[in-house]
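# Architecture and fold: a report
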Amino acid sequence: DFTLAHPFRKGFWNEVQERTQRVYDAYYATDLGAVLRFMDGESVEYLVVDESQFQALTVGWGSLFEPMATQVKKKIFEPRKKQGFALAHPPKEIDAYRKKGMHIIERERLRRYLDKHPAAATQTAPPETPPTETETPEAPEAPETDRESD
């Protein structure tokens, strides 16, 4: 946003705004091919993904500020949320790192994945569906032991 992108030269804000929109265009893409095209085009080797950012687009510290927030929300986030975001639950094969809803997507792993699964390059991700009240997460199974109970 303009408070963090100080215009040190003529045209700087426009460049920052365009690049920021390209990041969000890829982040909220509906297919993995768009993510790879972004990473190739911008020479991005790794992309950090936070799964919590796919439920709602928030405004404030650590998120988007105006005017970018409204632009991304109306032009990218809201229309695509119905289709589903490709990075909301990325395949494990493209991760360089994964822990508790955080991913670091590696460009070369993504490329290899799409070479093996070409349909994923254009396949729309399934939309997010919140669990119903009757659905409950499965409890993990207890590990088997060799000991007999006392």
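It should be emphasised that the depicted structure is a prediction, and the values quoted were computed from it without experimental measurement.

### So, the overall build of the protein
Each helix and strand in the protein was counted, giving 4 helices and 3 strands. Here the protein, with 150 residues, has 32% of them falling under the buried criterion. In the protein, the share of contacts with a sequence separation of at least 24, taken over all contacts with a separation of at least 6, comes to 65%. Carbon and sulfur atoms form 53% of the exposed surface of the protein, whose accessible area is close to 10,700 Å².

### Here's the deal with helix H1 (residues 12–27)
Taking 1.5 Å of rise per residue, 16 residues should cover 22 Å, and H1 covers 22 Å from first to last C-alpha, within 8% of that figure. Against helix H2 (32–41), strand E1 (46–50) and helix H3 (68–81) lie the buried residues of H1.

### Structural notes on the sheet that holds strand E2 (residues 95–99)
The sheet built from 3 strands is open, its strands ordered E1-E3-E2 with antiparallel pairing. Lying at the two open borders of the sheet, with one neighbouring strand each, are E1 and E2. For this sheet the average axis-to-axis angle between neighbouring strands, irrespective of direction, equals 10°. Taken together, the 4 bridges between E2 and strand E3 (residues 102–106) define a ladder with antiparallel strand orientation. Counterpart to Arg98 in the pairing with E3 is His103. Sitting on the sheet, helix H4 (residues 107–116) is in contact with E2 and E3, with an inclination near 75° to E3.

### Brief notes about the side chain of Asp95
Positionally, Asp95 belongs in strand E2. Asp95 sits in the buried class, given a relative accessible area of 6%. Engagement of the side chain of Asp95 in a polar contact is seen with the side chain of His103, the distance being 3.1 Å. Dropping the residues within four chain positions of it, Asp95 is found in contact with Pro90, His103, Ile104, Ile105 and Arg109.

### Concerning H3
For an α-helix, 3.6 residues make a turn, and residues three or four places apart therefore share a direction. At Lys74, H3 is bent by approximately 40°, the largest bend along its length. Those residues of H3 that fall on the buried side of the exposure criterion are Met68, Ala69, Val72, Ile76, Phe77 and Arg80. On its buried face, H3 is in contact with H1.

Criteria and thresholds
- Residues numbered from 1 in each chain as written.
- Predicted model: local features only at pLDDT ≥ 70, side-chain atom pairs only at ≥ 80, totals over all residues.
- Heavy atoms only, no water.
- Helix = DSSP H or I, 4+ residues; strand = E, 2+ residues; numbered from the N terminus.
- Buried < 20%, exposed > 50% of the residue type's maximum accessible area, 1.4 Å probe, protein only.
- Contact = heavy atoms within 4.5 Å.
- Areas by Shrake-Rupley, 256 points an atom, 1.4 Å probe, with all protein chains shown as cover.
- Expected span 1.5 Å × (residues − 1).
- Pairing = 2+ DSSP bridges.
- Axes fitted to C-alpha atoms, helices over the stretch in contact; angles between N-to-C directions.
- Polar contact = N/O pair within 3.5 Å; in protein donor to acceptor, adjacent residues only side chain to side chain.
- Bend = angle between axes of the 7 residues up to and from the residue.

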